[in-house]
Structure formats: C-alpha cells, structure tokens
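Descriptive structure summary
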Amino acid sequence: MEYDLLIKNAQIIDGSGKKAFKGSLGVKGDKVQSVGELKGDSVKEIDATGLYASPGWIDAHSHGDSTILFYPNAENYIMQGVTTLVGGQCGGSPAPLGDVCSLPGIARDYIDELVSYKYYPEKSLFSREEVNQIMKKHFGWTVEWRTMGDWFAQVEKIGMSMNIAPHVGHGNARFMVLGNDYKRVSTKDEVSEIKAHLIKAMDEGCIGISSGLDYDPGVFAHMEEINECVSILKNYPNSVYSPHWRRTGRRRDLKMGDTRSNKLEGILESIETCRITKVPTNLAHLTPAWRLVPEGVDEMEEANMRATLSFIDQAREEGLHLTFDHMPWFILGGFGVMPYLCSLLTPWLKEQGGRKELAKWLKVPDYRKEVIDSLYAGKWFIRTAYNPNSNAQWAENIWVVKHKTPGCDMKQLAQIAKERQKPAIETWFDLICEDPDSKGVAVGVAETGNFPQKPFRAIFFQHPACALSLDQSVTNHTREQKTPPYSIPGINAFSAFPGFINEFVKKHKIFTLEQAIHKMSTAAADNLFLKGRGKITEGSFADITIFDYDKLEVTGDPIEPRRYPKGIVHVIVNGKQVVENGVHNNSKPGKIVKRAN
C-alpha cells in the first residue's frame, strides 16, 4: 500500500498560522508522507469531511511524566487532542533516583504509611525498600529505575498513548547528592556531583533542565549553583532551561501579616540566568509580576500583564533566547483546587479522620480557635491567593459551588460572609459545619482575577514567545484521592485545549483558529526544540488531531470536572490512531521525544 493511513477531505491547519486549506494527508509509518490532493491505496482511511486536521496539540508544561506509569492510556490528554506533553518540570523528573527517593506520582497519597506527621513530614526521601513496599501493596509494581535512560526503557516497555518530551529536574540531581540534608547551600564538590547527574541525563536524551525555585530542594540552592548547572546545556545544541521561577518563596511558615515574595525579582532572577549562561530559557507558567492590592481591578490587571511582558521584550531585544508558557484561567474550577470546602484544612481532616468528624469538632469553640490560631501562625500553608495571612481578599478567591443551605451555591465565601455579617474565616467554618460534604473551588492561583474572564486575559497568549501549558498530570475520569484532601483533577486536565478554542476563537474572537492552533502546538515545539512536532508538513511526525470545530464543548463543571470534552473525533500519535470517532482504542504508540541534535 502507498500509505498506512489516508486522511481525506480535511480542512488542514498546518501550524504555520496560515489559513486552513482543504486536502488530504498521507501517512506512512510514523511520518506524514504527503499533503495536498492525494490519491493512492492505504491500509486505513479516515473521511474527515467537515472536520479540521491540525498538528497534535502539545502541553508545554506538564507533570504527566510523574503519573504516566499509573495511567499509560493518558486519557485526559489524548481525549482532548493533546499528543505530546513536556515533562520533568519544576525541578522534578522521574530520575535520577538513588537508594533513597520520594514516592512517585499518585503513590504520594500513601505517604502517611511511611511517616507520621500533622503538617509536613520531616523528610522528603525514603529508602527504596520503603517506597517499593507502598508501590507493591497499592499498585502491584515497583520502582526499579535509577537513571532517565532506565525510566525511558520502563515507559517504552509498558507503552503509552502519547509522547513525552522530558527535562531532567535539577531537584532530583540535588537530592541525589545531598539526600535529606538539602536545606543548605551546596559545596563546590557537591555542585560538581550534581552536574554529573544532569550531564548523564542529557546524554541519555533529555531536552533540557528544569528547576523548582519555590520547592524543596531547589529553593535552597544558591543562584551560582543554578547558573553553573544550567551552563552545561551550552554543550547540548537545541536544549532548553525551564525554570519554575521564584514566585512564592518556600511554601511554608507564611504567618499572619507576612508579605508575599516579590514576583518580579523572581522573573528577573531567571532572566539573569539566561543572560549569564547564554542558554535558551523558557519561563514556566508565567504570571503577572506584581500582586495587586486590591485585586480584580481590570485596568490594573491589564497594566500588570503588559508591564510584565515589557521585561520579556527587553530581554529578547537584548538578544536573549527567552520564551515562556502560560496557563488558561478562563473557567471556574479549571485548576482543580479542593474539591470539598474543607479540603484546604488537610491536617485537621487527617487528625479527625474525615469530613463529618472535622465538622463536628469545628463546632467546639476552643478547637475552632486552635485551628484558626494555627493557620494564622503559618503552621499550615495555603496558597497565597486564598491564604488569610497574606491576602486581604482571600475569601473572594474561595467559591462555594454546592451546599445544602439554600442561597449559597455559586457564591464567593466573601459574599456569603457579608450576607451573614460574620468574619470570613468564621463563615467558612460555619459552612463546613452545616454541610461537611459541601463542594468548593479555590481560584486566583495565578493572581489573574475573578470569573468570568475578560478578553484582556489573552494578553500573554498573544505574545509571540508564548505557548499554551496546563501544569497538570496524566490521569483519567476515575481519579480521586482517597485520603485528605480528597483532591480530584480540575477541568483544565480534561478540556483546556478545546476550551482555549471556544474562549479565544469563538467567544472573544481574539485569535483565528489557525493562530490558536499555532499557540496550542507549534509554539511549544518551536520554543522547546521538538523537531518534527507541532507542524503538518511532509516528513513531520504524524501526530494529528482531527476535530469538529462546531461541536467542541467543555463538558466538565466545578462540581464534576472529570469529564472528557466533545468534538475531538480522531487522534493520531506517531501514525497510529488512538482515538476513533471519539473513543479511546487503548493503543499505545507514544514515544519519548528526545533532544534533536
């Protein structure tokens, strides 16, 4: 046969930004062999009349590599048209791992079986034997890999439905050298050892290095260590440094009255690394550089975003190779924080053994005061946007989405507190007592204001250096943490890419469909040097998303976000069909996308 797969009569969007054109695609092996008016025999044929065919969509910043072995079908990504994720982010990757390591992915749900604690475990790493006891007990397999090369082999042996382009995490390499003694500046010899682990991972095919400058252990690294580690990438053409720049500071001990870290300094710090090392740099999940008081004033929020981009523009005009990715925040419940109104009170949920038990004790005045005092003392960290210690408007960023008390649904906590004429924190606890199973959503994670979103929220996406990212994991519609805080994935994990089209193409008409596809695929491939991905051209990899533009629909909501979208008809990964007529067929043709020389 001339083709293994022939896609006929599609409206083809090739990723260049140019207008769609009608034609056919001939696929041979894992590559697109021909584009245009095609004739010829094929093993399989798809009639795409009335449908668009675009390059497979790419998540520029994902933690899906941490869960792919738990969910190799990658349903939440594949079913929304995403064929490649860029993993190993925020300083964390599947390897290198030593004799002591952390629990991988969703196995962290069971950390309480290894160490007792109320707020935070005293150590981050456990013996491999301890880790594998948990893995064997709950998942039936064990962590045997030590290097990124080992992990590549394990993933390819199991198989996966999508592609993964891996960074190596600076944090992993730092843990390898410092172990649990990581809360300090490293020595010169230790930096050399850290670099050796990173070099090995790069030699095995990683696309670059990531850092997590708000997280253990990277938050304790001096910038000289970071810069020296990043500098090794000068020996690897087409590699990239992707920093989770210093945005919040270490996420612990935020007491009442503490000021939040200077986000602009964090952005400039990572730009300075780019300047010093001359290494292409992609700023992870960029957010506005200033925290505004008060929040939610559209004119100020828009100015904040434009001013942030001015620093990106200045660096690029200087000649620095600087790009960034950005997450969509256009839907309530997108990120998946909570799902219960009590979920943010994890230590006390654990202490009391469940939602109803906690609600019972929150009715006891001295116990309630103890919880409030502990929160105000910073013993338990809540994200800064909805932390009462750091944000006077915190209660505007917590929404009650389902409550048995009439008149509470789909209201901000602040609004209900005002109606009841009580302090917000007391109202919060009262609502939990009235309905322990009440559902809530926390928003404002990226300090981008309330919902519904306004058109100016697309400002970052409109920048030529920006690609779309999710900051999510691979999962499916059954995922629910069985222990506090009972977390479930958000709407973005299942529908952000179709939602991006609906929001910014259909609703606000900010992008043409062709421009949107460029942001959803080509930009990530260009920014992160994923050769042969993100475009439909002769010789490109046959990652193809075929969708019905008119029928694209986000089906999840804040109460049940774990629903797949409508309108994704066929998905092809490396020339093999994985989604047929909207149904996952369990194929696993995904590959590790290694650095292109």
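Shown above is the structure to which this text applies.
Since the model is a prediction, treat every value here as computed from it, not as a measurement. (Residues numbered from 1 in each chain as written. Predicted model: local features only at pLDDT ≥ 70, side-chain atom pairs only at ≥ 80, totals over all residues. Heavy atoms only, no water.)

Thoughts on the packing of helix α6 (residues 223–230) against helix α7 (residues 263–277)
Condition: To get an axis, fit a line to the C-alpha atoms, keeping to the stretch in contact for a helix; angles then go from 0 to 180 degrees between the N-to-C directions. Segments assigned H or I by DSSP are reported as helices when at least four residues long, segments assigned E as strands when at least two residues long, and all are numbered from the N terminus. Angle categories: roughly parallel below 35 degrees, roughly antiparallel above 145, roughly perpendicular from 65 to 115, and oblique for all the rest. Should the near helix be turned counterclockwise from the far one by less than a right angle, the crossing is left-handed, whereas a clockwise turn marks it as right-handed. The contact definition used throughout considers only heavy atoms, calling two residues in contact when any of these lie within 4.5 Å. For this classification, the nonpolar set comprises Ala, Val, Leu, Ile, Met, Phe, Trp, Tyr, Cys and Pro, the charged set comprises Asp, Glu, Lys and Arg, and every other residue, Gly included, is treated as polar.
Between α6 and α7, the least distance of the axes is 10 Å, while the angle of their chain directions is 45 degrees. With respect to each other, α6 and α7 are oriented oblique. You can see that α6 and α7 cross each other, and the crossing is right-handed. Counting all contacts with α6, which are made through Met 223, Asn 227 and Val 230, the residues of α7 involved are Glu 269, Thr 273, Ile 276 and Thr 277. Here the residues of the contact of α6 with α7 are counted per class, giving 3 nonpolar, 3 polar and 1 charged.

Notes on the sheet that holds strand β15 (residues 398–402)
Where we set the bar: Strand pairing follows a simple DSSP-based rule, namely that at least 2 bridges must link the two strands.
The 3 strands are arranged β16-β15-β17 in an open sheet whose pairing can be described as antiparallel. Two strands in the sheet have a free side with no partner beyond their single neighbour: β16 (411–412) and β17 (439–442). Bridging between β15 and β17 involves 4 bridges; their strand directions are antiparallel. What sits directly across from Lys 402, in β17, is Lys 439.

Describing the state of the cysteines
A covalent bond between the sulfur atoms of two cysteines is referred to as a disulfide. Our working definition: Two cysteine sulfur atoms form a disulfide, by the criterion used here, when they sit within 2.5 Å. Partly exposed residues are those whose accessible area sits between 20% and 50% of the maximum for their type, while under 20% is buried and over 50% is exposed, using a 1.4 Å probe and protein chains only.
For the coordinates displayed, the defined rule picks out 0 disulfides. Summary of cysteine pairing: Cys 206 is not part of a disulfide, and the nearest cysteine sulfur, belonging to Cys 229, is at 14 Å. Not part of a disulfide, Cys 466 finds its nearest cysteine sulfur in Cys 90, a span of 16 Å. Its relative accessible area of 0% is what places Cys 466 among the buried residues.

Focus: the packing of aromatic side chains
Our working rule: Two aromatic rings from Phe, Tyr or Trp, using only the six-membered ring of Trp, form a pair when their centres are within 6.5 Å; if the ring planes differ by under 30 degrees the pair is stacked, by over 60 it is edge-to-face, and anything between is tilted. We call a charge positioned above a ring when the Lys NZ or Arg CZ atom is no farther than 6 Å from the ring centre and deviates by at most 35 degrees from the ring normal.
This model, assessed by the stated rule, comprises 25 aromatic pairs. Ring geometry for Phe 504 and Phe 511: centres 6.5 Å apart, planes at 85 degrees, overall edge-to-face. In terms of burial, Phe 504 and Phe 511 fall into one category: buried. An aromatic cluster is defined as three or more aromatic residues linked by ring pairs; in this entry it consists of Tyr 52, Trp 57, Phe 497, Phe 547 and Tyr 549. Above the plane of the ring of Phe 541 lies Lys 31, whose end atom (NZ or CZ) is 4.9 Å from the centre. Lying across the ring of Tyr 340, Arg 355 places its NZ or CZ 3.8 Å from the centre.

What to know about helix α15 (residues 492–507)
What counts here: The span expected for a helix works out to 1.5 Å for each residue beyond the first. To get the bend at a residue, fit one axis to the 7 residues ending there and another to the 7 starting there, then take the angle between the axes.
Helix length check: α15 (16 residues) gives 18 Å between terminal C-alpha atoms against 22 Å at 1.5 Å per residue, more than 12% under. The largest bend in α15 is about 45 degrees, located at Pro 498. Most of α15 sits inside the fold, with 14 of its 16 residues counted as buried. The positive-phi residue at the C-terminal boundary of α15 is Lys 509, with phi of around 55 degrees.

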